[in-house]
Amino acid sequence: AKAHKTSRKKAPTQQQTMSGFRMSLGSAAPNTSDDAATFQKLLADMSGTKESIKQAKEWLLQRPDKAEVFAKALQKHVSQNPGFQKLLFAVYLLNDIFFAARTKEDPFRRSFAPVLSDIIRGAAKSAKDDASR
């Protein structure tokens, strides 16, 4: 007699589809390094569609207490020279974040404003080398 295989599935985690990739957000509050890693994956996998930018913005805006962590993760993303398109997507994302921030004291404005020049500088530098732009 053959042994019958049963497949056990883990309890599903909250999933968010973002135009071309799935990002597991987990069910428990993740720690800071998990948030940074998730944000860096989000940046790396972002497709640049309006929907992917919107979903990334909404994900970020739900975590204002992590704005500093995300700003550092964004700086790391820029320093890895991901290419013109990915940096342009980051600019689009920051534009939406700044637009959603209602005051100058908003944690995202305070955290991301110093990073903006690095992103634009990185995009300008990589644009020279990117024939697809």
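Residues numbered from 1 in each chain as written. Predicted model: local features only at pLDDT ≥ 70, side-chain atom pairs only at ≥ 80, totals over all residues. Heavy atoms only, no water.

1. Looking at the packing of aromatic side chains
Where two aromatic rings form a pair, the distance of their centres and the angle of their planes describe that pair. Here is the rule we go by: When two rings of Phe, Tyr or Trp (its six-membered ring) have centres within 6.5 Å they constitute a pair, described as stacked for plane angles under 30 degrees, edge-to-face for angles over 60, and tilted for the intermediate range. Runs of H or I in DSSP of at least four residues are treated as helices and runs of E of at least two as strands, each being numbered from the N terminus. Burial here depends on accessible area, computed with a 1.4 Å probe over protein chains only, as a share of the maximum for the residue type. Under 20% is buried, over 50% is exposed, and the range in between is partly exposed.
Scanning all chains against the criterion turns up 4 aromatic pairs. Plain terms: the ring middles of Phe39 and Phe70 are 5.2 Å apart, the flat faces sit at 55 degrees to each other, and that makes the pair tilted. Here Phe39 is found in helix H1 (residues 32-45), whereas its partner Phe70 is found in helix H3 (residues 67-79), with 31 residues between them in sequence. On the basis of relative accessibility, which here comes to 1%, the residue Phe39 falls in the buried class. An angle of 50 degrees between the planes, with centres 5.3 Å apart, marks the rings of Trp59 and Phe70 as tilted. You can see Trp59 sitting in helix H2 (residues 50-61) and its partner Phe70 sitting in helix H3, a full 11 residues away along the chain. Grouping residues by exposure puts Trp59 and Phe70 together as buried.

2. Quick word on the environment of Thr49
Note the following rule: Counted as a polar contact is a pair of N or O atoms within 3.5 Å, where, for protein atoms, one must be capable of donating a hydrogen and the other of accepting one, and residues adjacent in sequence contribute only when both atoms are in side chains.
By the secondary structure assignment, Thr49 is in the loop between H1 and H2. Take Thr49: its relative accessible area is 35%, and that puts it in the partly exposed class. Reaching out from Thr49, the side chain makes a polar contact with the backbone nitrogen of Ser52 at a distance of 3.0 Å.

3. With respect to the packing of H3 against helix H5 (residues 107-129)
The line we're drawing: Angles shown run from 0 to 180 degrees and are taken between the N-to-C directions of axes, each axis being a line fitted to C-alpha atoms and, for helices, limited to the stretch in contact. An angle counts as roughly parallel when it lies under 35 degrees, as roughly antiparallel when it exceeds 145, as roughly perpendicular when it falls between 65 and 115, and as oblique in every other case. Contacts are assigned to residue pairs with any non-hydrogen atoms lying within 4.5 Å of each other. Charged residues are taken to be Asp, Glu, Lys and Arg, nonpolar residues to be Ala, Val, Leu, Ile, Met, Phe, Trp, Tyr, Cys and Pro, and polar residues to be all remaining types, Gly included.
Direction vectors running N to C along H3 and H5 enclose 10 degrees, while the axes themselves pass 8 Å from each other. On the basis of the axis angle, H3 is roughly parallel to H5. Along its contact with H3, which presents Ala67, Glu68, Phe70, Ala71, Leu74, Gln75 and Val78, the element H5 presents Pro107, Phe108, Ser111, Phe112, Val115, Asp118 and Ile119. Tallied by class, the residues present in the contact of H3 with H5 amount to 10 nonpolar, 2 polar and 2 charged.

4. Focus on the pattern of salt bridges
Applicable threshold: In the sections that follow, a salt bridge refers to a side-chain nitrogen of Lys or Arg positioned within 4 Å of a carboxyl oxygen of Asp or Glu.
Tallying each qualifying case throughout the model produces 3 salt bridges. Between Asp45 and Lys41 there is a salt bridge, and its shortest N-O distance comes to 2.3 Å. Here the residue Asp45 and the residue Lys41 both occupy positions in helix H1, the gap between them amounting to 4 residues, near one helical turn. On the basis of relative accessible area, Lys41 is assigned to the partly exposed category, the value being 43%.

5. Side note on the side chain of Gln40
The residue Gln40 is located in helix H1 in this model. Since its relative accessible area comes to 19%, Gln40 is described here as buried. Residue contacts for Gln40: discarding those within four places in its chain leaves Ala73, Lys76 and His77.

6. Quick word on the confidence of the model for the protein
Test applied: Every residue gets a pLDDT, meaning the predictor's confidence in that residue, from 0 to 100.
Scored by pLDDT, the protein comes out at a mean of 78, with 73% of its residues at no less than 70. In this model residues 5-30 is a low-confidence stretch, pLDDT under 50, and it forms 37 contacts with partners more than four residues away in sequence or in other chains.

7. Points about H2
Heads up, the condition is: How far a helix is expected to stretch is found by multiplying one less than its residue total by 1.5 Å.
Under the 1.5 Å per step criterion, the end-to-end length of H2 is 16 Å for 12 residues, consistent within 8% with the ideal 16 Å. Listed in full, the buried residues belonging to H2 are Ser52, Ile53, Gln55, Ala56, Lys57, Trp59 and Leu60.

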